[in-house]
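For reference, the chains in residue letters:
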Amino acid sequence: MNYTELEGIVLKRVPYRNGAEIINILTAEGRKTFTAYGLNKPNAKNYASCLLLNQSVFTLGIQNQKLTLKEGTCLKNYFCLYDDIVKMTATQAINEMILRFIDEDDGRIYRYLSRFLIALEEGFDPLTLVVIMMAKVILFSGYGLEYNECVICGSKTNIVAVDYNEGGYLCAHCAKKAKETSEYLKSYRYSFLVDDTKLTYHVITKTIALRLIHEFHHYLISRFECDELKGIELFLEVC
Ligand SMILES: [Zn+2]
């Protein structure tokens, strides 16, 4: 049998036949799925590596193009998030979006998810983190929005509004709607621009963060023509 080693974050677990489970992980190369046996016992050797959100290294056997877990080593656990309803619903909301809107072979969001979990654990503002993660999901979904220049004329100056139907920033000349505050326009741009190493540099005001979450949610479900996301609705109820 051939073997491969993968490092990833556990996104989803689904029970399979004969007590096995299908484990879905996110890696820097995209999402991978493998089968794991005997995880229902807390003393099972691979138990910790497969817990939801944990970041682990997996040694997988390859047979008929299917992967089976041989050995898992947990690098970082996030048990602390399980007991906090706001943090837990925030991660569930982001996981749901990654699974639904990002291609299976696209791993660009991995480093963001990794830093997002650390920042949540450290107690940084969950609303700001969810706004940033939603902006990254939008960028990597194939329906990216414009945040550098007017989406109609290309002007980089006098930006006054965001129009989701047009695809992003609009200048004063092209905008047919009311002028937005500069704080809103900056927060929108910041969420797309910010790098994974700087997630905790700036807190977005609560009112603006809530507005951006609603707008990004509406934008994603309208582009993908799907129903409201349960995860984000639950998160907004508890925060
Ligand atoms: Zn313009």
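This one's a predicted model, so the numbers in the text were calculated from it and none came from an experiment.

A closer look at the packing of aromatic side chains
Applying the stated criterion to the full structure yields 13 aromatic pairs. Consider the rings of Phe79 and Tyr82, whose centres lie 6.1 Å apart with planes at 75 degrees: the pair is edge-to-face. On the criterion of helical spacing, the pair formed by Phe79 and Tyr82 is a turn pair, its members being three residues apart in helix H1 (residues 79-82). Where Tyr147 meets Phe192, the ring centres are 5.3 Å apart and the plane angle is 5 degrees; that geometry is what we call stacked. Placement of Tyr147 in the loop between helix H4 (126-140) and strand S6 (159-163) and of Phe192 in helix H5 (residues 182-193) is noted, with a sequence separation of 45 residues between them. Taken individually, Tyr147 and Phe192 each receive the classification buried, so the pair is uniform in this respect. Taken together, Tyr147, Tyr164, Tyr169, Tyr188, Phe192, Phe216 and Tyr219 form an aromatic cluster joined through their ring pairs. Above the ring of Tyr78, the side-chain terminus of Lys76 is found at 4.8 Å from the ring centroid. One residue, Arg211, lies across the ring of Tyr184, its end atom 3.8 Å from the ring centre.

With respect to the coordination of the zinc ion
Around a metal, the perfect tetrahedron of four donors has angles of 109.5 degrees, and the perfect octahedron of six donors has angles of 90 or 180 degrees. Taken together, the protein ligands of the zinc ion are Cys150 (SG), Cys153 (SG), Cys171 (SG) and Cys174 (SG), with distances of 2.3 Å. Each of the four donor atoms bound to the zinc ion contributes to angles spanning 103 to 116 degrees, and the resulting shape is tetrahedral. Each donor residue of the zinc ion lies on the same chain, and together they follow the pattern C-x2-C-x17-C-x2-C. Linking Cys153 in the loop between H4 and S6 with Cys171 in strand S7 (residues 168-171), this pair joins segments that are 18 residues apart in sequence. Residue classification places Cys153 among the partly exposed residues on the basis of a relative accessible area of 43%.

Here we look at the nonpolar core
Counting 69 residues, the largest nonpolar core has Met97, Leu113, Phe116, Tyr188 and Phe216 as the members making the most contacts within it. Among the elements that make up this core, the one with the highest residue count is H4 (eleven residues). No fewer than three residues from each of domain 1 (2-76) and domain 2 (79-238) sit in this core. In contact with Tyr188, other than residues within four places in its own chain, are Leu145, Glu146, Tyr147, Val162, Tyr164, Gly168, Tyr169, Leu212 and Phe216. Counting residues in each nonpolar core, the second largest holds twelve residues, with Leu6, Val10, Leu60 and Leu67 among its members.

Structural notes on the side chain of Thr27
Position of Thr27 among the secondary structure elements: in strand S2 (residues 21-27). The class of Thr27 is buried, set by a relative accessible area of 1%. Here Glu29 takes part through its backbone nitrogen, which lies 3.0 Å from a polar atom of the side chain of Thr27. Excluding its chain neighbours within four sequence positions, the residues that come into contact with Thr27 are Glu7, Gly8, Lys32, Gly107 and Tyr110.

Let's talk about the domain arrangement of the protein
How big an interface is tends to be reported as the loss of accessible area on association of its parts. Partitioning the protein into domains gives domain 1 (2-76) and domain 2 (79-238). Relative to domain 2, the C-alpha centre of domain 1 lies at a distance of 29 Å. With 19 residues of domain 1 at the contact, the number on the domain 2 side is 21 residues. Of the roughly 1700 Å² buried at the junction of domain 1 and domain 2 (both faces included), carbon and sulfur atoms supply 61%. Considering only the surface of domain 1 that becomes buried against domain 2, Leu11, Arg31 and Leu53 emerge as the three largest contributors, covering 39% of it. Counting the contacts that link domain 1 with domain 2 gives one salt bridge. The residue Glu121 makes a salt bridge to Lys76 at a minimum N-O spacing of 3.0 Å. In this structure, the connection of domain 1 to domain 2 is made through nine residue pairs in polar contact (both at pLDDT 80 or more). For the side of domain 1 that touches domain 2, the secondary-structure elements that each account for two or more residues are strand S1 (2-15), S2 and strand S3 (30-36). Per element, the largest residue contribution to the side of domain 1 that touches domain 2 is five residues, and it comes from S1. Residues belonging to the side of domain 1 that touches domain 2 are distributed by class as follows: seven nonpolar, seven polar and five charged.

Calculation rules
Residues numbered from 1 in each chain as written. Predicted model: local features only at pLDDT ≥ 70, side-chain atom pairs only at ≥ 80, totals over all residues. Heavy atoms only, no water. Phe/Tyr/Trp six-rings, centres within 6.5 Å; stacked < 30°, edge-to-face > 60°. Helix = DSSP H or I, 4+ residues; strand = E, 2+ residues; numbered from the N terminus. Buried < 20%, exposed > 50% of the residue type's maximum accessible area, 1.4 Å probe, protein only. Lys NZ or Arg CZ within 6 Å of the ring centre and 35° of its normal. Donors = N, O, S within 2.8 Å, 3.2 Å for Na, K, Ca; no water. Tetrahedral: all angles 85-135°; square planar, octahedral: opposite > 155°, others 65-115°. Core = buried A, V, L, I, M, F, W, Y, C linked by side-chain atoms within 4.5 Å. Domains from an automatic or database assignment. Contact = heavy atoms within 4.5 Å. Polar contact = N/O pair within 3.5 Å; in protein donor to acceptor, adjacent residues only side chain to side chain. Buried area = accessible area lost by both parts, 1.4 Å probe. Salt bridge = Lys/Arg side-chain N within 4 Å of Asp/Glu carboxyl O. Nonpolar A, V, L, I, M, F, W, Y, C, P; charged D, E, K, R; others polar.

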